[in-house]
Structure formats: C-alpha cells, structure tokens
Amino acid sequence: LKAQTELASLIQKGIGLEQDRITTEAMLNRTLGRSGEEGFGEIGEIKSDIPDWSYSQVWPVAKDNNPDLLMEERKVEMNQAELQFAKADLLPDFMVRGMYKDMENTPDDFWALMVGVTLPFAPWSAGNYGNKVKENRLYVGKAQAGYSAMENMVSAELRSALSKISAEKQLIAIYENTLIPQAEQTLGSTLAAYRSGKTDFLMTLDGYRMQLMAHEDYEMAVMEYMSAQAGLEKAVGLGIPELAKKLSNPVQEKKP
C-alpha cells in the first residue's frame with residue numbers, strides 16, 4: 001500500500017509538471033512571437049559559468065550601458081540645452097549693414113552704414129523671460145534628481161544580482177560535491193541493506209525521497225542562479241559574453 005501511494009503521488013506530480021511545461025511553452029511562444037503549436041524539444045543543461053566579478057568592476061560598465069540610466073542622462077542633456085536656449089533669448093540681437101549706392105550719371109555716389117539693436121523683450125515684459133530661465137533651471141534639477149534616483153536603483157539591482165550569483169554558485173557547488181553524492185550513496189547502501197533483508201521498505205523509500213529532494217533542490221538552485229544572471233544582464237544592459245569582453249578589454253570611450 002505504501003508503494004502504491006508513493007507511485008500515485010509521483011504520477012500526480014508528473015501531471016502537474018507536464019501542465020506547467022505546456023503553460024511555460026505557450027508563454028515563451030507568445031513572448032517570441034511564434035505560433036502556439038511550435039515546441040522547444042528537449043532542453044539541455046542551462047547552467048552557465050559566470051566569473052566572480054566584483055561590484056567595482058561591473059558598475060562602470062553598467063553606468064555606460066544601462067538603458068534606463070542612458071535615458072535619464074539624455075533627459076538631463078535635453079533640459080540643459082533648453083536652459084541654454086532660454087538664456088540666449090535674453091540677449092539682444094545686433095545688426096550691422098553697409099551699402100554703396102552708385103548714382104548713375106552723377107558724382108553723388110555714397111556709402112551708407114546701418115547699425116541696429118533689437119531687444120528680444122520690452123522693458124515691461126523682461127520678467128517673463130527671466131521666469132522662463134528659472135523654469136528651465138527647475139527642469140534641469142528635476143532631471144538630475146531623476147538620474148540620481150535611477151542610478152541608486154540600478155546600483156542596488158547590480159549589488160543584489162552579484163550577491164545572489166555568488167550565493168547560488170556556492171549552493172550549487174554544495175549540491176554537486178556534497179549533498180547529491182551523499183544522498184546517492186545513502187540510497188545505494190539502503191537498497192543493498194533492503195535486498196539482504198537488513199532494513200525495511202520504508203527506509204528504502206525515505207532514501208529515495210532524500211535523493212529526489214536533493215536533485216530537485218539542485219535544479220531550484222540552478223534556476224535561481226540563472227535568474228540572478230538575468231538580473232545582472234538587466235542591470236548592466238549587456239549579455240554575459242559582451243560584459244566579459246568589455247571587462248577583459250576595458251577601453252574607455254570619451255564622451256563628446
């Protein structure tokens with residue numbers, strides 16, 4: 001009865017996992033813009049090796065490539081340009097023009113010189129232009145504050161991703177080198193003892209459960225590890241290969 005109950009539990013779990021697979025495939029197809037009938041086949045090992053980068057190594061690359069930071073930086077530049085234009089509106093326009101007039105059949109040819117100054121505002125409306133400059137300064141300050149807030153958020157995301165990668169990498173190593181081998185050895189010895197009549201079926205079943213749990217926990221750790229990699233790529237704005245290339249060949253590009 002215990003064996004039949006365990007088998008029924010595994011069948012039920014298998015049905016649920018199959019349903020999760022179908023749902024996940026449908027979500028991936030929708031994200032990729034593919035028809036729902038297209039499958040993915042057998043998916044092999046997904047765990048990749050991420051170098052042990054430090055925050056100080058990765059942060060400069062993130063500042064130069066994170067799309068959210070670049071967007072906020074462009075907002076600052078746009079508002080600064082608008083501020084310069086607003087200041088230029090306060091400057092008067094000067095005009096100098098020279099002219100030579102040839103009076104035909106007369107000796108009265110002459111030169112003329114014209115100098116003019118155009119004020120962009122009347123004395124009674126000068127305050128309006130000053131207010132425009134103040135308004136644009138406020139916009140510049142707002143954009144700079146937005147950039148600082150985004151910088152802090154990206155920095156926190158980067159620290160979290162690097163910390164999670166380090167922790168999950170250690171956890172994966174523990175499962176690979178210690179927990180899974182020990183669980184398999186325990187199951188092997190329990191099976192040998194069961195075959196020789198030195199232990200009962202329930203002990204063998206517990207050994208199998210421990211081995212299965214170790215493998216499942218290992219896969220969860222791999223999933224968390226790859227999720228942390230996605231978080232790192234999002235924070236940096238580059239994939240792992242591109243990031244590795246930049247860190248191995250740090251060429252600083254000067255901004256105009």
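S.K.: Describe the overall build of the protein chain, naming the residues involved and giving the relevant values.
M.R.: The number of helices and strands found in the protein chain is six helices and two strands. What you see in the protein chain, going N to C, is helices and strands ordered as α-α-α-β-β-α-α-α. For the protein chain, the C-alpha radius of gyration of 36 Å lies well beyond 18 Å, the compact-globule estimate for 256 residues. In the protein chain, of all internal contacts separated by at least 6 residues, the share reaching a separation of at least 24 is 73%. About 18,100 Å² of surface is accessible on the protein chain, with carbon and sulfur atoms providing 59% of the total. Considering the protein chain, the positive charge centre built from 27 side chains and the negative charge centre built from 37 side chains are found 4 Å apart.

S.K.: How would you summarise a negative patch on the surface if you had to cite specific residues and measurements?
M.R.: There is a patch of like negative charges on the surface, built from Asp 102, Glu 104, Asp 108 and Asp 109. Within the secondary structure, Asp 108 is located in the loop between β1 (93–101) and β2 (110–118).

S.K.: Kindly report on the packing of helix α2 (residues 55–65) against helix α3 (residues 67–88), identifying the contributing residues and their values.
M.R.: Relative to each other, α2 and α3 sit at 55°, their axes nearing to 6 Å. With respect to each other, α2 and α3 are oriented oblique. Taking contact as the criterion, the partners of Trp 59, Ala 62, Lys 63, Asp 64 and Asn 65 in α2 are, on α3, Pro 67, Leu 69 and Leu 70. Within the contact of α2 with α3, the residues separate by chemical class into five nonpolar, one polar and two charged.

S.K.: Run through a nonpolar patch on the surface, naming residues and quoting values.
M.R.: On the surface, Leu 7, Ile 11 and Ile 15 cluster together into a nonpolar patch covering about 310 Å² of accessible area. When you line up the elements, Ile 15 lands in helix α1 (residues 2–32). A residue is classified by how much of its surface remains accessible, and Ile 15, at 57% relative accessible area, is exposed.

S.K.: Mind laying out the packing of aromatic side chains, listing which residues take part and the relevant values?
M.R.: Under the definition given, this model contains three aromatic pairs. Measuring from ring centre to ring centre gives 4.9 Å for Tyr 100 and Trp 111, while their planes differ by 50°; the resulting arrangement is tilted. On the criterion of sequence distance, the pair formed by Tyr 100 in strand β1 and Trp 111 in strand β2 is long-range, its members being eleven residues apart. Residue class for Tyr 100 comes out partly exposed when judged on its relative accessible area of 43%.

S.K.: Can you lay out the nonpolar core for me, pointing to particular residues and giving the numbers?
M.R.: Judged by nonpolar contacts, the single largest core of 33 residues is most densely connected at Ile 50, Trp 53, Val 58, Leu 158, Leu 232, Val 236 and Leu 243. At the level of elements, α2, α3, α4 (126–195), α5 (201–236) and α6 (240–248) are the ones that each hand at least two residues to this core. When residues no more than four places from it in sequence are discounted, the contact partners of Trp 53 are Val 58, Leu 162, Leu 232, Ile 240, Leu 243, Ala 244 and Leu 247.

S.K.: Please provide a residue-by-residue account of the environment of Thr 204, values included.
M.R.: Mapped onto the elements of the fold, Thr 204 is located in helix α5. The spacing of Thr 204 and Asn 79 is 125 residues in sequence and 71 Å in space, taken between C-alpha atoms. Those residues in contact with Thr 204 that sit more than four places away from it in its chain are Leu 187, Thr 190, Leu 191, Tyr 194 and Thr 199.

S.K.: Describe the pattern of salt bridges, naming the residues involved and giving the relevant values.
M.R.: All told, the structure shown has twelve salt bridges when counted by the stated rule. Salt-bridge contacts for Arg 21 lead to Glu 25; the nearest nitrogen and oxygen are separated by 3.0 Å. Of this pair, Arg 21 and Glu 25 are both found in helix α1, four residues apart, which corresponds to roughly one turn of the helix. When its relative accessible area of 38% is taken as the criterion, Arg 21 is described as partly exposed. Given a relative accessible area of 18%, Glu 25 falls into the buried group. Arg 74 is paired through a salt bridge with Glu 77; the nearest N and O atoms lie 3.9 Å apart. Of this pair, Arg 74 and Glu 77 both sit in helix α3, three residues apart, roughly one helical turn. Take Glu 77: its relative accessible area is 39%, and that puts it in the partly exposed class. Three or more residues joined by partner-sharing salt bridges are found here, namely Glu 6, Asp 206 and Arg 209.

What counts and how
- Residues numbered from 1 in each chain as written.
- Predicted model: local features only at pLDDT ≥ 70, side-chain atom pairs only at ≥ 80, totals over all residues.
- Heavy atoms only, no water.
- Helix = DSSP H or I, 4+ residues; strand = E, 2+ residues; numbered from the N terminus.
- Rg over C-alpha atoms; globule rule 2.2 N^0.38 Å.
- Contact = heavy atoms within 4.5 Å.
- Areas by Shrake-Rupley, 256 points an atom, 1.4 Å probe, with all protein chains shown as cover.
- Lys, Arg positive; Asp, Glu negative; His and termini not counted.
- Charge placed at Lys NZ, Arg CZ, Asp CG, Glu CD.
- Patch = residues over 30% accessible without salt bridge, like charges linked within 9 Å, V, L, I, M, F, W, Y side chains within 5 Å.
- Salt bridge = Lys/Arg side-chain N within 4 Å of Asp/Glu carboxyl O.
- Axes fitted to C-alpha atoms, helices over the stretch in contact; angles between N-to-C directions.
- Parallel < 35°, antiparallel > 145°, perpendicular 65-115°, else oblique.
- Nonpolar A, V, L, I, M, F, W, Y, C, P; charged D, E, K, R; others polar.
- Buried < 20%, exposed > 50% of the residue type's maximum accessible area, 1.4 Å probe, protein only.
- Phe/Tyr/Trp six-rings, centres within 6.5 Å; stacked < 30°, edge-to-face > 60°.
- Core = buried A, V, L, I, M, F, W, Y, C linked by side-chain atoms within 4.5 Å.

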